[in-house]
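Here is how the chains run, residue by residue.
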Amino acid sequence: MTAFKGMSYGPIGEAVQAAMPYTEADPVGVYAAVLAQYSSAISRTVTTDKGRPVVLWTVLAGRSAIGRKGYAYGTSRQILNGGVGRYITARTVSGIASGPALVDFLFTLEMETLGTEGGVDGRALIVEEEWATILKRAKRCPTFSPLLRTAWDGKPISNKTKEGTQEVSRPLLGMHAHITPGEWAKYVSASEALGGSLNRILPVTVERSKRLPYSANTTAPASMKLAEAYRWACAEQRTMELTKAAEDRFDQLRDEIEERLINLPESISCYLERSEEQVVRVASVLTAAEMKTRVSKRALDAAWEFVQYSMASAEKLVRDAATTSAGTRIGKTLEESVIDALARFGGTATSSQLLRSLGNRANAAGLKTAVDGMDEVKSWSEKTTPGRGAPTIYYQLVDQDSAEVQPAQPRQEHKPALRVVTAQQKRKAPARRKTAAAVEAPQMELELV
């Protein structure tokens, strides 16, 4: 609780403190989950004085079972029951792993609310409790990461379809996700971080705070203050401004953050490059929960404590990942190897081709069992030659967004070639036993090659 006390502030901090006797979750994890969901809920009407969104994207990083990531998210949902809870239930989505799917989802939300009494409302919240699965799938879409970055910035995103261009002029996208440190080491790539995709995210390392008895009450109280603050925030446009004392403090923090970035290797600093803006966003959300628009120095300091914790979490995850890569090589799963092999074959391959590529990783039965449990790959059998031979089994990558099988390349049937053989060429060929038919053959004949 020591780290949490420094960042706890206002109704959000009070709500998390009140919930802790009812959960085994890490209080910082609960705090991060509430910040992500609450900031998404108020993002339509609350902005910073620079016109920037206040959405916060948080990721809980902790070992399975020990990290209690699911407990943290579950407790945060209990805290936000009421007005905020209804928004979260209606606007939460998961499984988006491509740029076109992201734009289509946000565009559809706007179209569905066009002309309604409340006006266009494109707010959405991505919640991924198995974020590694999305990271793995998203690598196949070159537009997903750039569009995510643009959405966090609140700038227009678009996608061209057969019907025309879908454009979302003001994305209102929140995000909360879970991952294990081992998955972070495996799927969070340095290239994505250097490109800026991951410095928009606030990672938070978490672990179990305590063990509750089986008979314990695990229903945390809902925060009536946050429900009231949510209604206040949505009633009209709110612009969050820093007080003079907060502005002076922010200038000091900028120097501190910049110095820290200079002293870190780029492989780590690239995760922290949005820390300045993250401080302002967190402070704005904490202040909006107080039903105020003037951000105090105290709110800014609390926000800085949370962002500092996230910075330390990111540094630990990156360093641990580097140690893991140098010490123990993490092999690919059979499913990942199948996808890689199919990609090398252009998306489609026979069972024999795949088995040769996989080496001793699987036999025919093992390959079929693995593919049966994969959404990314389809299989079918097909007779390629007449006769009694067994049909050929084909495996093919599937486009996850359209759920259509990628078209296979046409197979060319092998036909024997013909060439003309003269009598002179025939005489030069090695002597062969002549049959009666050969003696009576003409001086020029066609020969199969």
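Everything numeric in this text was worked out from a predicted model, so none of it was measured.

A. Focus on the confidence of the model for the protein chain. A residue-level look at the protein chain finds 83% of positions with pLDDT of 70 or above and a mean pLDDT of 85. Confidence over residues 402-417 falls short of pLDDT 50; this stretch has 23 contacts with residues more than four positions distant or in other chains. Contacts for the low-pLDDT stretch residues 432-442, under 50 throughout, to residues beyond four places or in other chains number 3 contacts.

B. Seen up close, the packing of aromatic side chains. Tallying each qualifying case throughout the model produces 4 aromatic pairs. Here Tyr31 and Phe306 contribute two aromatic rings whose centre-to-centre distance is 5.9 Å and whose plane-to-plane angle is 70°, an arrangement assigned as edge-to-face. Here the residue Tyr31 occupies a position in helix α3 (residues 27-41), and Phe306 occupies one in helix α15 (residues 297-327), the gap between them amounting to 275 residues. The residues Tyr31 and Phe306 share a single accessibility class, namely buried.

C. Just helix α11 (residues 224-235), in detail. Between its first and last C-alpha atoms α11 spans 17 Å; for 12 residues at 1.5 Å apiece the expected length is 16 Å, and the two agree. Of all the positions in α11, only Leu226, Ala227, Ala229, Tyr230, Trp232 and Ala233 are classed as buried.

D. Examining the side chain of Ser313 more closely. Inspection of the secondary structure puts Ser313 in helix α15. The buried category is assigned to Ser313, whose relative accessible area is 3%. Polar side-chain contacts of Ser313 include one of 3.1 Å to the backbone nitrogen of Thr205.

E. Examining empty space enclosed by the protein more closely. A complete count under the given rule lists 1 cavity of 30 Å³ or more for this structure. Around the largest cavity, the lining residues are Asn199, Ile201, Leu202, Pro203, Tyr271, Leu272, Arg274, Ser275, Gln278, Val307, Ser310 and Met311. Looking at the lining of the largest cavity, the elements with two or more residues in it are β8 (201-205), α14 (275-288) and α15.

Conventions adopted
- Residues numbered from 1 in each chain as written.
- Predicted model: local features only at pLDDT ≥ 70, side-chain atom pairs only at ≥ 80, totals over all residues.
- Heavy atoms only, no water.
- pLDDT = per-residue confidence, 0-100.
- Contact = heavy atoms within 4.5 Å.
- Phe/Tyr/Trp six-rings, centres within 6.5 Å; stacked < 30°, edge-to-face > 60°.
- Helix = DSSP H or I, 4+ residues; strand = E, 2+ residues; numbered from the N terminus.
- Buried < 20%, exposed > 50% of the residue type's maximum accessible area, 1.4 Å probe, protein only.
- Expected span 1.5 Å × (residues − 1).
- Polar contact = N/O pair within 3.5 Å; in protein donor to acceptor, adjacent residues only side chain to side chain.
- 1 Å grid on protein atoms, 1.4 Å probe; cavity = no way out; pocket = protein on both sides within 12 Å on 5 of 7 lines; lining within 4 Å.
- Points joined across faces, edges and corners; volume = space filled by probe spheres on them.

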